[in-house]
Amino acid sequence: MRRKVLSSILAAILVASSLMGCGASADTAADTNATQSQQTDSTTAATDNDEMKNTSGDEEVTLRMAWWGSQDRHDKTIAAIELYESINPNIHFEYEYYSFDDYFTKLKTLVASDEVWDVFQLGGNFPQYMDKIYPLDEYISSGVIDLSGISEANLKTTQTKDGVQLGITNGINTYGIAYDPAMFEEAGAKLPTDDWTWDDYKEAADLITDKLGIFGSSTFVTSDAIAGLSTYVGQQGELGQYSFYNLDLTGMGFDDPKMLEPFIQMRADMIKKGSYPDAGASAEVTNIENDFLVTGEAAMTWVAVNQFPTIYDACKEQGRTLALATIPRVKKDGNSGAHIQSSQMFCVSQDSENKKAAAEFIAWFETNIACNNILQAERGIPANEDVRAALSANAGEGQQIMYDYVDKVSNFPTPKEINVLSPDGHDQVVDNYLNYIQQVASGEITAAEAAEKTYADAEAIFK
Amino acid sequence: MNNKSNSSKEKLRTGFNSDTVVGHVFAAPFIFGFVCFSLIPICMSLYYSFTDYSLGNKQAVFVGLKNFATLFKDEVFAKSIMITLKYVLMSVPMKLAFALLVAFVLTRKSKMVTLYRSLYYVPSLVGGSVAVALVWKQLFARKGLFNTLFTSIGLGRVNWFGDEKLAIYPLMLMAVWQFGSSMIIFAAGLKEIPTTYYEAAEIDGANGFQRFFKITMPCLSPIILYNLVMQTISAFMTFTQAFVITAGGPNNGTMLYALNVYNQAFKYNKMGYACAMSWVMLVVMSLITLAIFKSSKFWVFSESES
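For clarity, every value in this text was computed on a predicted model and none was experimentally measured.

Draft legend 1. Just the environment of Asn384(A), in detail. Position of Asn384(A) relative to the elements: it lies in the loop between α14 (369-375) and α15 (385-393). Residues contacting Asn384(A), with those up to four places away along its chain left out, are Gly149(A), Ile150(A), Glu366(A) and Thr367(A).

Draft legend 2. Region of the structure containing the packing of helix α7 (residues 198-212) of chain A against helix α9 (residues 261-273) of chain A. Residues and elements named next belong to chain A. Axis separation between α7 and α9 bottoms out at 11 Å; the angle between their running directions is 5°. Taken together, the axes of α7 and α9 lie roughly parallel to each other. Within the contact between the two elements, α7 uses Trp 198, Lys 202, Ala 205, Asp 206 and Thr 209 and α9 uses Met 266, Met 270 and Lys 273. Across the contact of α7 with α9, the residue classes break down as four nonpolar, one polar and three charged.

Draft legend 3. Geometry of the sheet that holds strand β8 (residues 175-179) of chain A. Residues and elements named next belong to chain A. On the basis of which strands lie adjacent, the open sheet formed by four strands has the order β9-β10-β8-β11 and mixed pairing. Unpaired on one side and paired on the other, β9 (215-217) and β11 (323-325) mark the two borders of the sheet. For this sheet, the mean inter-axis angle between neighbouring strands, taken without regard to orientation, is 35°. Across three bridges, the pairing between β8 and β11 is antiparallel. Counterpart to Ala 178 in the pairing with β11 is Leu 324. Contacts from α7 reach β9 and β10 (298-304), with the element oriented near 165° to β9.

Draft legend 4. Main features of the domain arrangement of chain A. All names here are of chain A. Splitting chain A by domain gives domain 1 (7-173 + 344-410) and domain 2 (175-338 + 423-460). Taken together, the contact pairs 22 residues of domain 1 with 20 residues of domain 2. Secondary structure elements with two or more residues in the side of domain 1 that touches domain 2: α2 (71-87) and α16 (397-410). For the side of domain 1 that touches domain 2, the leading source of residues is α16, giving eight residues. Taken together, the residues of the side of domain 1 that touches domain 2 sort by class into seven nonpolar, 11 polar and four charged.

Draft legend 5. Inspection of the domain arrangement of chain B at higher detail. Under the domain assignment, chain B is made up of domain 1 (2-48) and domain 2 (66-299). Centre-to-centre, using C-alpha coordinates, domain 1 of chain B lies 39 Å away from domain 2 of chain B.

Draft legend 6. Just the environment of Thr326(A), in detail. All names here are of chain A. Relative to the elements of secondary structure, Thr 326 occurs in the loop between β11 and β12 (341-342). We classify Thr 326 as buried; it has 21 C-beta atoms within 10 Å. For the pair formed by Thr 326 and Ala 338, sequence separation is 12 residues and the distance between their alpha carbons is 8.3 Å. Non-local contacts of Thr 326, meaning those with residues more than four positions away in its chain, are made with Gly 176, Asp 194, Ser 336, Ala 338 and Val 409.

Cut-offs used in this document
- Residues numbered from 1 in each chain as written.
- Chains lettered and ligands numbered in written order.
- Predicted model: local features only at pLDDT ≥ 70, side-chain atom pairs only at ≥ 80, totals over all residues.
- Helix = DSSP H or I, 4+ residues; strand = E, 2+ residues; numbered from the N terminus.
- Contact = placed C-beta atoms within 7 Å.
- Axes fitted to C-alpha atoms, helices over the stretch in contact; angles between N-to-C directions.
- Parallel < 35°, antiparallel > 145°, perpendicular 65-115°, else oblique.
- Nonpolar A, V, L, I, M, F, W, Y, C, P; charged D, E, K, R; others polar.
- Pairing = 2+ DSSP bridges.
- Domains from an automatic or database assignment.
- Buried ≥ 20, exposed ≤ 12 C-beta atoms within 10 Å, placed from the backbone.

And the structure:
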């Protein structure tokens, strides 16, 4: 029997070590499950766009490409890719699409193995991936890609400080609050105005929760740190005096942690009251299409405005009409804190073997009218003037609201220089910040302590 | 010339026929896999744990013991250790008890036993998958099945994943639900116990409880040890549930250790730090496993001694 025990122990150790291996492979299996990657086959939708033919001849080229977004974006982007393949039969695509978090997980592993997709999408966190971006300048100066339709200001949104063109913006964007006016009226809450304050926002949300038993405001998810907290910093003081991180991303853009305190207190109070989703409820919202505003469980939600037409259409099908309000301010006559920025951009990767073909595709994607008629400004308002004119001429209701809103916000006074980028390490600051709010809501720490901790976490990035 | 090649052929033949060579040839695929996919990565991770390696910029600067020193100041690390210990201490005994119970029930001589055994094993086949975790998330959601049941019988709703103290329990339940592999091993162990013991006990007038605790448990104790070690190790490595269902929240209430390592490595780009965490985990797991083995001589029954 002793022998048996010994051998069973040995077996246990052996199986344990193989289990460890299994654990790892199960993870990768999960990864591929989540990927939903698809191989493409060309040949659809013939068009008359022959003049847009790619110049790299008849050489067979396979481009790998990936992006993040909602189902709506996936469908539209795939249709655009198929259009490009039909015009350029020698170009083939292998595309992958993900949700935001999964996209960056995958990207980081590809960065580590030097296998980043030929064409890939990046947002305000691009400074982390600078080593992997192949600048477009040589193709612009040699005339391979023509960006004359894109204004200087819009090109600048995706340049470094030294003017290196990292990518081409997928659209111009800003933040807003989508809301259901019918719910506001039913609860007797004051409708948002262009100069409403965070106090108005909280008051309306609390009232709606009292009267209707739903969340006053849906979750800002992880963007609460950007669209909420860091906007809140920029809204204080003189125009452009403060920002969360400084303009060069070398340190903090404000000195006093107390500036964060009222916002954190407000969030914690709202969670306690039930007018803002707690962590459990927030985790149920996985993308904008199942946001509580869309499911009818909240009266407003935070959006990057390019998302607005999607949820507008979704609610229209339920017989509800949404509207778009500006982000609340600290003071009625204070700074808006809003700025117009690039939603995301497409970049060519350093690892690509077909950089030229990739650059040509990106230029086509951003400037071709037929392509953008398919895309319908889902990634933000097109940076190319001709495309924008063509699209806004026959925009849907939701899109029209988005265009008007962006025009309105671009007329707000904004600081000369802004920083919408986040440094490496920002993700951890955000996660900790969201946990501190939970701790304030449960009474574990005070809002003042949470503000100081958040400040210390952010400051620690630069040490 | 001809002679020479003949003799070398001969050598080759005898070489291949010797037992050691053949053994190595057959073991080669495993050795190759072990070295490339386990040994080298393990050594690399030990090296990286002393550097500030990050997936983003791919530079590894040697920082000595800094990663390990930082660990002890890290609030999330401390919390994740406590949460993981709680998870292991509660889910493993529950799972083993449940597995033993089902295995015991299924030792009856009946035609349906094989069918039932297969059915009960199914959750273990699909258990670790993302799909099941998503189903679990729905079951315990604010308007999920369990809350609907609770409200329909007049009880209040339970905010499973919104409450820091409650959120870990659905994850434990999911682990318990995957009792199949332990059950199969228990069932095999139960079959090994000679029926003569039970017959003798019955003649002596022992009741069911006495038979279970005086005969079944001692005879089964080596198997229990095996299952205990296996399940403890796998419980320490639990990842999918926490990642998919709660993402570690609320307020890190379900931040299991493996998830924390993953976050540090792939979300926050601190690969070096994550490697250091993994090595701390290895030490903790080894100590606990060692403790279980050391304690086994007090409770594992071995026939040769008695």
